[in-house]
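# Chains, contacts and geometry: an overview
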Amino acid sequence: MFAGKLDSARCLVVKIGSALIADVDTGEVRSPWLENFIEDVVRCFARGQQVIIVTSGAVALGSRNYNRRDKGLRTEEKQTAAAIGQVRLMRAYEQALKRHGLGMGQVLLTNEDIEDQHRRLNVRSTLQQLLKIGAVPVVNENDTTATAETCLGDNDRLAAWIAELVSAEFLILLCNVDGLSTEDPHVNPLARLVTEVRCITPEIDAMAGHPVTHYSTGGMVTKLAAARIVMDAGSTMVIARGNKPHPLAAIENGGPSTWFLPR
């Protein structure tokens, strides 16, 4: 019903979950998936749209240096993994975009960059200048230096704040489920997909689940928190499955998804 509006938007913010871009078993980038997704981004640029990517995956890509992935990582180990993995993550994006003639710029943020008004304006200026010269901003939390006081905690809300900052019409959260369901679809295959949300009620909140991997700090709880930010800002948020061919095109073509509509 609303999918056709994506192709007319001025600016899209797309958030990529760790499980989509990183193979947590091998610690490698899912290169075929990334190339497929970048083809969608190139198509958006070709029709005059701006695209900002908010990506997870640095910790997952750097964690192969440890042998306790199934038990999680201590803070200092996570920071070290992020330092290693961020290089690999950005290199993968840079190479994938370069094959299509697009450049990119890395933007690493902490909570202080969002809360401080002067720094917020600097972030917005940087994003706008990158888009102005035709480069794709690729944003991630700075997990290497973030502490409990400065940590954003998840990239769902980071993506929502970025969408609000640049007045993007749409925030698209690509993950490993079709959208918000009445129950966790990993637990109950009969759970029903909620296709449209106009107000986040206690009933909607009750449908939220929890992260399913040690490398994902999100889950449906943080996606609903992101939806509140975006809806209050007058924009639209979409949750959709990302591990399919051309996920953005699939949304445009009416594929399964949940649309959070502005008030």
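Before reading further, recall that the structure is shown in the block above.
As the structure is a computational prediction, the values presented were derived from the model and not from experiment.

### Comments concerning the overall build of the chain
- Check the secondary structure of the chain and you find 10 helices and 10 strands.
- Burial status across the chain gives 53% buried among its 263 residues.
- Restricting the contact set of the chain to residue pairs at least 6 apart, pairs at least 24 apart contribute 73%.

### Examining the nonpolar core
- In this structure, V13, I52, I162, L171, M237 and F260 are the most contacted members of the largest nonpolar core, which totals 40 residues.
- Looking at this core, the element that brings in the most residues is helix α9 (residues 220–232), giving 7 residues.
- When residues no more than four places from it in sequence are discounted, the contact partners of F260 are L180, V197, L224, A227, M231, S235, T236, M237 and I239.
- With 39 residues, the next largest nonpolar core counts L6, L12, I38 and L261 among its residues.

### Here we look at helix α2 (residues 31–46)
- Look at α2: 22 Å from first C-alpha to last across 16 residues, which is about the 22 Å you get at 1.5 Å a residue.
- Note on α2: the residue one or two positions beyond its end, G48, has a positive phi of about 90 degrees.

### Focus on the side chain of K223
- Along the chain, K223 falls in helix α9.
- Assessed through its relative accessible area of 6%, K223 is described here as buried.
- Once residues lying within four places of it in the same chain are set aside, the contact partners of K223 are K15, D156, L173, C175, M237 and I239.

### A look at the packing of helix α7 (residues 155–165) against α9
- Orientation of α7 relative to α9, taken along the N-to-C sense of each, is 10 degrees, at an axis distance of 8 Å. As far as their axial angle goes, α9 and α7 are roughly parallel. For the pair α7 and α9, contact is made by D156, R157, A160, W161 and E164 and by T222, K223, A225, A226, I229 and V230, respectively.
- When its residues are assigned to classes, the contact of α7 with α9 shows 6 nonpolar, 1 polar and 4 charged.

### Examining the packing of helix α6 (residues 117–132) against α7
- Across the interface, α6 lies against α7 with an axial gap of 10 Å and an inter-helix angle of 75 degrees. With respect to each other, α6 and α7 are oriented roughly perpendicular. Side by side, α6 and α7 meet where R120, V123, R124 and L127 of the first sit next to I162, E164 and L165 of the second.
- Partitioned by chemical class, the residues of the contact of α6 with α7 number 4 nonpolar, no polar and 3 charged.

### A short note on the sheet that holds strand β10 (residues 257–260)
- Here 8 strands make up an open sheet; going across it, the order is β5-β6-β4-β1-β7-β9-β10-β8 and the pairing mixed. Looking at which strands have only one partner, the edges of the open sheet turn out to be β5 (103–109) and β8 (196–197).
- Across 4 bridges, the pairing between strand β9 (residues 236–241) and β10 is antiparallel. Of the residues in β10, the one forming a bridge with A240 is S257.
- Sitting on the sheet, α2 is in contact with β1 (11–16), β4 (50–55), β6 (135–141) and β7 (170–175), with an inclination near 155 degrees to β4.
- The sheet strands contacting helix α4 (residues 75–98) are β1, β4, β5 and β6, and the helix crosses β5 at an angle near 155 degrees.

### A word on the pattern of salt bridges
- Under the defined criterion, the tally for this structure stands at 16 salt bridges.
- Here D154 ties to R157 by a salt bridge, and the two come within 2.5 Å at their closest N and O atoms.
- R157 sits in the partly exposed class, given a relative accessible area of 28%.
- Among the ionic pairs, K223 bridges to D156, the shortest N-O distance being 3.2 Å. One end of the pair, K223, is in helix α9; the other, D156, is in helix α7, with 67 residues separating them in the sequence.
- Through salt bridges with shared partners, one network takes in D40, R43, R47 and E252.

About the cut-offs
- Residues numbered from 1 in each chain as written.
- Predicted model: local features only at pLDDT ≥ 70, side-chain atom pairs only at ≥ 80, totals over all residues.
- Heavy atoms only, no water.
- Helix = DSSP H or I, 4+ residues; strand = E, 2+ residues; numbered from the N terminus.
- Buried < 20%, exposed > 50% of the residue type's maximum accessible area, 1.4 Å probe, protein only.
- Contact = heavy atoms within 4.5 Å.
- Core = buried A, V, L, I, M, F, W, Y, C linked by side-chain atoms within 4.5 Å.
- Expected span 1.5 Å × (residues − 1).
- Axes fitted to C-alpha atoms, helices over the stretch in contact; angles between N-to-C directions.
- Parallel < 35°, antiparallel > 145°, perpendicular 65-115°, else oblique.
- Nonpolar A, V, L, I, M, F, W, Y, C, P; charged D, E, K, R; others polar.
- Pairing = 2+ DSSP bridges.
- Salt bridge = Lys/Arg side-chain N within 4 Å of Asp/Glu carboxyl O.

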